[in-house]
Amino acid sequence: PECIHKLAATVFVQEIRSPALAVTVPLLFRGLKERATDIRRKACTIVDNMCKMIDNSVEAVAFMPKIMPLVAKAAEEIPDPEARAVAAKALKTLQNLEADAMEAKQLNPDTVLALLRPMLGEGQPGPAQE
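These notes cover the structure that comes with them. (Residues numbered from 1 in each chain as written. Predicted model: local features only at pLDDT ≥ 70, side-chain atom pairs only at ≥ 80, totals over all residues. Heavy atoms only, no water.)

## Comments concerning the overall build of the chain
Phase 1 of the analysis: Of the regular secondary structure elements, the chain holds six helices and zero strands.
Phase 2 of the analysis: In the chain, the order of α-helices and β-strands from amino to carboxyl end is α-α-α-α-α-α.
Phase 3 of the analysis: Residues classed as buried in the chain amount to 32% of the 130 residues present.
Phase 4 of the analysis: Taking all contacts inside the chain whose residues are at least 6 apart in sequence as the whole, residues at least 24 apart take part in 75%.
Phase 5 of the analysis: For the chain, the exposed surface amounts to about 8300 Å²; the carbon and sulfur share of it is 56%. (Helix = DSSP H or I, 4+ residues; strand = E, 2+ residues; numbered from the N terminus. Buried < 20%, exposed > 50% of the residue type's maximum accessible area, 1.4 Å probe, protein only. Contact = heavy atoms within 4.5 Å. Areas by Shrake-Rupley, 256 points an atom, 1.4 Å probe, with all protein chains shown as cover.)

See below:
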């Protein structure tokens, strides 16, 4: 809990990348599992703020399965309506980040075909293609 208070006092001013997430996600995970509403609210605020500082959304994908369910649970179960709203806002930010990451990972169908043709032996004209 003390660590969450200190992390909440941090001002994020530069892009957040995977190494920083690797250090902070376990702390946020613990904060989101706390019973105390104020700790869970602060953890959700930190998640929301950090997500806004991630320029390359693909870097966050590895950490989402660990954090997103806890934020979703907080958005549904926190008794305080204001804290629940903070959690819902963090969840929406996470979902947007996830959508951006999925969009960034999508491959162009022409690129996929170009990659598969040599593997399938279709890259060179053969008797059937002449």
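## A word on the side chain of Ser 57
Phase 1 of the analysis: Its place among the elements puts Ser 57 in the loop between α3 (37-52) and α4 (64-77).
Phase 2 of the analysis: A polar contact is formed between the side chain of Ser 57 and the backbone nitrogen of Ala 101, at a distance of 3.1 Å.
Phase 3 of the analysis: Those residues in contact with Ser 57, other than ones at most four positions away along the chain, are Leu 97, Asp 100 and Ala 101. (Polar contact = N/O pair within 3.5 Å; in protein donor to acceptor, adjacent residues only side chain to side chain.)

## Notes on the pattern of salt bridges
Phase 1 of the analysis: This model, assessed by the stated rule, comprises six salt bridges.
Phase 2 of the analysis: The residue Arg 17 makes a salt bridge to Glu 15 at a minimum N-O spacing of 4.0 Å.
Phase 3 of the analysis: By relative accessible area, which is 31% here, Glu 15 ends up partly exposed.
Phase 4 of the analysis: Several salt bridges share partner residues, and in doing so they unite Glu 15, Arg 17 and Glu 59 into one network. (Salt bridge = Lys/Arg side-chain N within 4 Å of Asp/Glu carboxyl O.)

## What to know about the packing of aromatic side chains
Phase 1 of the analysis: Counting across every chain of the model gives zero aromatic pairs.
Phase 2 of the analysis: When the ring centre of Phe 29 is taken as origin, the NZ or CZ atom of Lys 66, which lies over that ring, is 4.9 Å away. (Phe/Tyr/Trp six-rings, centres within 6.5 Å; stacked < 30°, edge-to-face > 60°. Lys NZ or Arg CZ within 6 Å of the ring centre and 35° of its normal.)

## A short note on the environment of Ala 104
Phase 1 of the analysis: Secondary-structure assignment places Ala 104 in helix α5 (residues 81-105).
Phase 2 of the analysis: A relative accessible area of 52% means that Ala 104 is categorised as exposed.
Phase 3 of the analysis: Along the primary structure Ala 104 and Asn 56 are separated by 48 residues, whereas in three dimensions their C-alpha atoms are 9.0 Å apart.

## Structural notes on α4
Phase 1 of the analysis: Between the first and last C-alpha of α4 there are 19 Å, a value that for 14 residues agrees with the 20 Å anticipated at 1.5 Å per step.
Phase 2 of the analysis: Every buried residue of α4 is accounted for by Met 64, Ile 67, Met 68, Leu 70, Val 71, Ala 74 and Ala 75.
Phase 3 of the analysis: Buried residues in α4 make contact with α2 (18-33), α3 and α5. (Expected span 1.5 Å × (residues − 1).)

## As for the nonpolar core
Looking at soluble globular proteins, one finds that nonpolar side chains tend to be buried together.
Phase 1 of the analysis: Counting 32 residues, the largest nonpolar core has Leu 21, Leu 28, Cys 44, Val 47, Ile 67, Val 71 and Leu 94 as the members making the most contacts within it.
Phase 2 of the analysis: If you list the elements that add at least two residues to this core, you get α1 (2-8), α2, α3, α4 and α5.
Phase 3 of the analysis: Setting aside residues no more than four positions away along its own chain, Leu 21 makes contact with Ile 16, Pro 26, Met 50, Ile 54, Glu 59, Ala 60 and Phe 63. (Core = buried A, V, L, I, M, F, W, Y, C linked by side-chain atoms within 4.5 Å.)

Spatial relationships are all this shows, so hold off on functional conclusions.
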